[in-house]
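Geometric and topological summary
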Amino acid sequence: MPLVEAKGVEKNFGTNQVLKGIDFAVERGQVVTIIGRSGSGKSTFLRTLNGLEGIDAGTIEIDGEHIDARHADLRALRKKVGMVFQQYNLFPHLSVGQNVALAQTVVKKTHRDKAYAVAETMLERVGLADKFDAYPEQLSGGQQQRVAIARALAMKPAVLLCDEITSALDPELVAEVLGVVESLAHEHMTLIMVTHEMRFAKAVSDRVVFMHQGRVWESGKPEDIFERPSTVELRRFIQ
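The sections below set out a description of the structure shown in this document. (Residues numbered from 1 in each chain as written. Predicted model: local features only at pLDDT ≥ 70, side-chain atom pairs only at ≥ 80, totals over all residues. Heavy atoms only, no water.)

1. Section: empty space enclosed by the protein
Spelled out, the test is: Throughout, the protein atoms alone are placed on a 1 Å grid, and a set of points is a cavity if a 1.4 Å probe fits but cannot get out or a pocket if it is open with protein on both sides within 12 Å along at least five of seven lines; lining residues have an atom within 4 Å of a point. Grid points are joined across faces, edges and corners, and a volume is the space filled by probe spheres set on the points. Only DSSP runs of H or I reaching four residues or more are called helices, and only runs of E reaching two or more are called strands; each is numbered from the N terminus. Residues are grouped as follows: Ala, Val, Leu, Ile, Met, Phe, Trp, Tyr, Cys and Pro are nonpolar; Asp, Glu, Lys and Arg are charged; all remaining types, including Gly, are polar.
Tallied over the entire structure, the rule returns 1 cavity of 30 Å³ or more. Roughly 60 Å³ of internal volume is contained in the largest cavity. Surrounding the largest cavity, Cys162, Glu164, Ile165, Thr166, Leu178, Val181, Met193, Val194, Thr195 and Phe200 form its lining. Those elements that provide at least two residues to the lining of the largest cavity are helix H6 (171-186) and strand E8 (191-194). Among the residues forming the lining of the largest cavity, the class breakdown is 7 nonpolar, 2 polar and 1 charged.

Written out as C-alpha cells, the structure is:
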C-alpha cells in the first residue's frame, strides 16, 4: 500500500480549475520529483498534500490519514507531513535552535529539553551543529534553508515535501541545500519535490512526474522522462 496516494484530486480557484483529476502514488522510501512549467499546478498539488489547500474533489491518503473535499484532520496530517518552502520562514527573534525546537513543543507537546536535544541532532544532520545559538540574520540564505529542513525533520514526518527550495537562493548556495536533500534520499527518506533543478531530479529521483495544464502528463523513471519523452509537451519542456 502506498505511503501517499491521491485519486482524482481536483482544485478550483473560482472558475479556474488548477488541478484536473490528479492520480499520484508514492511508496515509503521513494523520492519523487514533480516537474513542469509555471502554472501547471505543481505547487498547488504539493500544498494539498499537507492541507494548505483544500480539495474540491477526489481523495488523498497519507500514512493512514484521509483527506477529501469534506474532511481533513489537519493537526493529525501535519504530524505525518513535513514541508519546506521557497522562503525559509524562520522567526528572526528566535535562535536557530529555538526555531527548530518550537514546533515540537507547540504541536507535539514535547518537553523543552527533549525538543532542544532533537534540534541539536537535526542541525548536525544538515551540517549546522555549530549554529544552534546563532540567529537567522547571521546566516546565509543556504544556511537558513538548511535550518528550515532541520525544523521539518525534527517533527519526524513520514514524508517530506520540498517546494522549489532552492529558487530563492543565489546560485553558489544551491549546491549546499541540494546536498542535504541528496543525503536524505540516500537515507531512504520519503521525499516529494517540486524543482526546476533538472540534473538534480535526474540524479536522485526514483520517479519523475511531469505536470502540464493541471494534469499528470507523464510519469516514469528519470531516464525515461529525460531521455525518452513520450509527448511533445514534455519534449519541449526538457529542451
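2. As for the pairing of strand E2 (residues 16-26)
To keep things clear, this is the line we draw: A pair of strands is labelled paired if DSSP reports no fewer than 2 bridges between them.
Pairing geometry for strand E1 (residues 4-13) and E2, over 8 bridges, is antiparallel. Within E2, the residue paired with Phe13 across the bridge is Asn16.

3. Details of the layout of surface pockets
Taken as a whole, the largest pocket spans an internal volume of roughly 480 Å³. If you go around the largest pocket, you meet 16 residues; those closest to its centre are Asn50, Arg78, Val81, Met83 and Phe85. Elements with a minimum of two residues in the lining of the largest pocket: helix H2 (74-80), strand E6 (81-84), helix H3 (96-107) and helix H5 (141-154). When grouped by side-chain class, the residues that make up the lining of the largest pocket number 11 nonpolar, 2 polar and 3 charged.

4. Structural notes on the packing of aromatic side chains
Note the cut-off: Any two of the Phe, Tyr and Trp rings considered here, Trp counted by its six-membered ring, make a pair once their centres fall within 6.5 Å; the pair's planes then place it as stacked at under 30 degrees, edge-to-face at over 60, or tilted in between. Only protein chains enter the accessibility calculation, which uses a 1.4 Å probe; a residue is then buried when its area is under 20% of its type maximum, exposed when over 50%, and partly exposed in between. Note on geometry: a ring has a charge over it if NZ (lysine) or CZ (arginine) is within 6 Å of the ring centre and within 35 degrees of the ring normal.
Scanning all chains against the criterion turns up 3 aromatic pairs. Taking the centre distance of 5.0 Å and the plane angle of 75 degrees together, the rings of Phe24 and Phe45 count as edge-to-face. Taken together, the residues Phe24 in strand E2 and Phe45 in helix H1 (residues 42-48) connect sequence positions 21 residues apart. Note on Phe24: relative accessible area 6%, which makes it buried. Phe45 sits in the buried class, given a relative accessible area of 1%. The cationic tip of Arg112 hangs over the ring face of Tyr116; the distance from NZ or CZ to the ring centre is 4.3 Å. In this structure, Arg207 is placed above the aromatic ring of Phe24, and the distance from its NZ or CZ to the ring centre is 5.8 Å.

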